[in-house]
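# Close look at the chain arrangement
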Amino acid sequence: MDRIRRVQLSSVVLPLDQPISDAKVLTGRQRPMTEIVFLFAEIDTSQDQHGIGFSYSKRAGGPAQYAHAKEVAANLLGADPSDIAKLYDKLLWAGASVGRSGVATQAIAAIDIALWDLKAKRAGLPLAKLLGAHRDSVRAYNTSGGFLHAPIEEVKERASKSLAAGIGGIKIKVGQPDTRIDLARVQAVRDHLGPDVPLMVDANQQWDRPTALRFGRVLEQFDLVWIEEPLDAYDAEGHAQLAAALDTPIATGEMLSSVGEHVRLIDARAADIIQPDAPRIGGITPFLKLATLADHNGLQLAPHFAMEIHLHLAAAYPREPWVEHFEWLNPLFNERLETVDGRMLVPDRPGLGFTTSEQCTRWTVDRCEFR
């Protein structure tokens, strides 16, 4: 029987090429984002198998994730790496005093994802195939070109480049204090793309209920795939009212940090499209539980960020999903995901199919090891 003999944790700071602004910046609630902090977990076994996983934090929380992971990681040593559910519970109990959501489970997420990567590699399968894939490619849309700091001509240019690179849909940011500016930007992008290209908008939680309803009705003319996070992430009742009132589907869930918080959305019928983030809700183990609930309730799936992980999970979802394309993480890995005819292809490499790059090593600010 194989056993875990080594766990390595790394804190990695990825600098962004330029400060990133969405509606939370323009409304004064946050500063522009300049970097992303990652927690990487690497697990080695007595039979020389290796798994890697990561979680992340934007603007704050990265050092806290790393600190919590250091406190609980030694509990893995000597355990059978195949017993992922058992190990997940063990790590939860090791940090029980700080709860089962937020930083506590986001720290565990990196470890959990590494265990799933390891399990798929031991089976010689891509993770999607280990889970039971419904498809070998997933519809992909691009977000990174549509941020509010970018002039509209740049947004249109980057949208064209994304489509030329095989990405199938375009998402742009809205949610500015003056909705007339949002309307002009959406109109410009829709005119540029034409009527047949899938287009989404993301308000990043910056509207109140009356604004979201009024502007949501105005946006009906653009035949959007969805309106994302029109309200505060925890306003399940408000999202439910919008989902019932508007023809355009409502998408939300990316900011929630547990399965339980998503259950409240589902029970309230607050979303047509649910957008969980595996690193944020605690890893692949809780993501699979949530995916079962979402499918049972007839919801579409569009996981947030981290396409390197979510491509596999989306490929295993019964209903046709979307996956979010971000090239920001490319410098961290040696491999690339391929997009063709609007879809992202599941790689045939075992596990997640990624190895960390030399650049990732150079951006590592701290590291610890347990044997």
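By the naming in an unreviewed UniProt entry, the protein chain goes by Mandelate racemase/muconate lactonizing enzyme family protein and is assigned to Kribbella hippodromi. As stated in UniProt under Cofactor (unreviewed entry), the record for the protein chain gives "Mg(2+)".

## Description of the pattern of salt bridges
All chains considered together, the criterion is met by 24 salt bridges. As a salt-bridge pair, D117 and K121 come within 2.9 Å of each other at their nearest N and O atoms. Of this pair, D117 and K121 both sit in helix α4 (residues 103-123), 4 residues apart, which is roughly one turn of that helix. Judged by relative accessible area, which is 0%, D117 ranks as buried. Of the residues examined, K121 reaches a relative accessible area of 24% and is grouped as partly exposed. In this structure, K129 and D136 form a salt bridge, with 2.7 Å as the shortest nitrogen-oxygen distance. Judged by relative accessible area, K129 falls into the partly exposed class, the value being 41%. A cluster of three or more residues bridged by salt bridges with shared partners is formed by K171, K173, D202, E228 and E324.

## Observations concerning the side chain of K156
Among the structural elements, K156 can be located in helix α6 (residues 152-164). Among the polar contacts made by the side chain of K156, one reaches the side chain of E153 at a distance of 3.0 Å.

## Some thoughts on α6
Taking 1.5 Å of rise per residue, the 13 residues of α6 would be expected to cover 18 Å, and the 18 Å separating its terminal C-alpha atoms lies within 8% of that figure. Considered for burial, the residues of α6 that qualify are V155, K156, A159 and S162. Looking straight down α6, one finds its buried side chains confined to an arc of 120°; they lie on one side. Facing away from the buried side of α6, by more than 90 degrees, are the exposed residues E153, K161 and A164. Of the surrounding elements, those touching the buried residues of α6 are β4 (137-142), β5 (169-173) and α7 (179-193).

## Here we look at empty space enclosed by the protein
The gaps of empty space that remain are located by a probe, the size of a water molecule, rolled over the atoms. In this structure the tally under the stated criterion is 2 cavities of 30 Å³ or more. Taken together, F40, I52, G53, F54, E308, F333, L352 and F354 make up the full set of residues lining the largest cavity. When residues in the lining of the largest cavity are grouped by element, the largest group, 3 residues, is from strand β3 (residues 50-58). Tallied by class, residues from the lining of the largest cavity come to 6 nonpolar, 1 polar and 1 charged. When its volume is computed, the second largest cavity comes out at roughly 30 Å³. What lines the second largest cavity is N142, G145, G146, V155, A159, I170, K171 and I172. A per-element tally of the lining of the second largest cavity places β5 first, with 3 residues. When grouped by side-chain class, the residues that make up the lining of the second largest cavity number 4 nonpolar, 3 polar and 1 charged.

Quick notes on the rules
Residues numbered from 1 in each chain as written. Predicted model: local features only at pLDDT ≥ 70, side-chain atom pairs only at ≥ 80, totals over all residues. Heavy atoms only, no water. UniProt positions renumbered as here; feature names shortened; annotations may be inferred. Salt bridge = Lys/Arg side-chain N within 4 Å of Asp/Glu carboxyl O. Helix = DSSP H or I, 4+ residues; strand = E, 2+ residues; numbered from the N terminus. Buried < 20%, exposed > 50% of the residue type's maximum accessible area, 1.4 Å probe, protein only. Polar contact = N/O pair within 3.5 Å; in protein donor to acceptor, adjacent residues only side chain to side chain. Expected span 1.5 Å × (residues − 1). Arc of directions from axis to C-beta. Contact = heavy atoms within 4.5 Å. 1 Å grid on protein atoms, 1.4 Å probe; cavity = no way out; pocket = protein on both sides within 12 Å on 5 of 7 lines; lining within 4 Å. Points joined across faces, edges and corners; volume = space filled by probe spheres on them. Nonpolar A, V, L, I, M, F, W, Y, C, P; charged D, E, K, R; others polar.

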